Amino acid sequence: MAKKQYQKVKEPVRIRFKELANGNRSIYLDTYTDGKRQPKEFLRLYLIPERTPADRIQNRTTLEAATAIKAKRIEELTMGKAGINKHKGKILLSVWLEEYQKSLETKSRSLRSVTRRVGEMLLKYGGKDVRLCDVDKKFVQGFNNYLKNDCVQANGQKLSANTASIYSRIVVSILNVAFKRELIPSNPCWLLERSDKLTRAKTKRTYLTIEEVKTLMETECEMNKDVRSAFLFSCFCGLRLCDIKNLQWKHIKTVNKTPMVEIYQQKTSEPLYLPLSDAAVKNLPPRADREEFVFTLPSHGIVNKHIHRWTEAARITDRNITFHTARHTFATLNLTAGVDLYTVSKLLGHTEIRTTQIYAEVVNSAKIEAVNKVSDIFKTKGGDDED
């Protein structure tokens, strides 16, 4: 009896390697859909020459990562061929943007406003008839280029690098949620090269020294008392203005005789468990009903106007002080006092420690500046060295 002949089924996605001049091998995916070869997808993963056991372990880990990405691509292709969610991706982008906007009802007014603005820009760039499934890698590349070079504000000026970066990140969020709801097979922003992504320009973190905080505490100024208390409270706990505005007395609890703030951060939607120091507690108003807000604060702009008058009265005029300066102050004071970076990151509620690293760089710069000032005192008029 003759054996049945089984035809080997070729995988639609295969791992390939490209030899590089430095001896490494670059890993890429070779994809075939309906018998047609697609453009190579370089993963920016590399195998190195195996000279030591550590090299072999590194290569094995790298191959495992490549295999995981390959499996994800095969799953995406399978879903597409089976027609899974195919009809969903054909909805108009404008319809999805409205749906996404509704999901932000509990978020801050500023976030809702800027998200709606980005949605309008997406439709202006792609057209009102563009579908959600049309927003692919090429579309996102073009939109980022539009933000960077061609987008003009109401005042006729182009977007700053920081604003363009913020708008680009909002697009990532919009498409992330579409992916989680299975409206699209993947987020095309994941496929962007580093050169296609918009990054923020490095900005100097403005903060107050402990002496300046003391000066503000001693300075009388006609201003909203809650703004004053909330600012000093933030200097000693690091909470953002949006979270302080939403802070209710029920969010402040005592755990093992230590006052604690337990909230969900508005910016990250992540929980934060924050112990309060005596200095922070001293700036809280008298406790009221648990459903009442701790501070009654005006709009963001009015808050900063009050702070500007206050800092002017304290003769701190060499830089622009806003409410967010209090958060920067909390971070730099703790790092200067010797608190480790990981702990400060947790106190600030950062999701990535590299965000906190910025403050460490600020503190290091301040230390270097202080050392140089001391050094300058002992310099002779003729130079550093005496004959």
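A quick note: this is a predicted structure, and the numbers were derived from the prediction, not measured.

Enquirer: Just checking my understanding: could you explain the overall build of the protein chain for this structure?
Expert: Along its length, the protein chain carries 13 helices and 7 strands. A total of 387 residues make up the protein chain; the buried ones form 35% of that total. The long-range share in the protein chain, meaning contacts at least 24 apart out of those at least 6 apart in sequence, stands at 59%. Just so you have it, the protein chain exposes about 24,600 Å², and 52% of that area is on carbon and sulfur atoms.

Enquirer: Would you mind showing me how to read the nonpolar core here?
Expert: When a protein is soluble and globular, its nonpolar side chains tend to lie buried together. Core analysis: the biggest nonpolar cluster contains 45 residues, and Phe231, Phe233, Leu239 and Leu276 have the highest contact counts within it. Counting residues per element, this core draws most heavily on helix H7 (residues 225–235), which supplies 6 residues. Aside from chain neighbours lying at most four places away, what touches Phe233 is Gly238, Leu239, Ile244, Leu247, Leu276, Ala280, Asn283, Leu284 and Phe295. By size, the runner-up hydrophobic cluster in this structure holds 31 residues, among which are Met121, Leu159, Ala164 and Val171.

Enquirer: Teacher, can you tell me more about the side chain of Ser168 here?
Expert: Relative to the elements of secondary structure, Ser168 occurs in helix H5 (residues 161–180). If we ignore the near neighbours within four places in the chain, the residues touching Ser168 are Asn144, Leu147 and Leu198.

Enquirer: So what exactly am I meant to see when it comes to the packing of aromatic side chains here?
Expert: Two descriptors summarise a pair of aromatic rings, namely the distance from one centre to the other and the angle between the planes of the rings. If you walk through the whole model with that rule in mind, you get 10 aromatic pairs. Between the aromatic rings of Tyr125 and Tyr146, the centroid separation amounts to 5.7 Å while the plane-to-plane angle is 40°, which identifies the pairing as tilted. Placement of Tyr125 in helix H3 (residues 109–126) and of Tyr146 in helix H4 (residues 137–149) is noted, with a sequence separation of 21 residues between them. Relative accessible area serves as the criterion here: at 13%, Tyr146 is assigned to the buried category. Note on Phe233 and Phe295: the rings are 5.6 Å apart at their centroids and 50° apart in plane angle, and the pair reads as tilted. With Phe233 in helix H7 and Phe295 in the loop between helix H9 (278–282) and helix H10 (300–313), the pair connects residues that are 62 residues apart, well separated along the chain. Like Phe295, Phe233 is buried. Clustering of aromatic rings is evident, with ring pairs tying together Tyr125, Phe139, Phe143 and Tyr146. It is Arg25 that lies over the ring of Phe17; its NZ or CZ is 4.6 Å from the centre.

The rules behind the values
- Residues numbered from 1 in each chain as written.
- Predicted model: local features only at pLDDT ≥ 70, side-chain atom pairs only at ≥ 80, totals over all residues.
- Heavy atoms only, no water.
- Helix = DSSP H or I, 4+ residues; strand = E, 2+ residues; numbered from the N terminus.
- Buried < 20%, exposed > 50% of the residue type's maximum accessible area, 1.4 Å probe, protein only.
- Contact = heavy atoms within 4.5 Å.
- Areas by Shrake-Rupley, 256 points an atom, 1.4 Å probe, with all protein chains shown as cover.
- Core = buried A, V, L, I, M, F, W, Y, C linked by side-chain atoms within 4.5 Å.
- Phe/Tyr/Trp six-rings, centres within 6.5 Å; stacked < 30°, edge-to-face > 60°.
- Lys NZ or Arg CZ within 6 Å of the ring centre and 35° of its normal.

It is worth stressing that arrangement in space is one thing and function is another; only the former is reported here.
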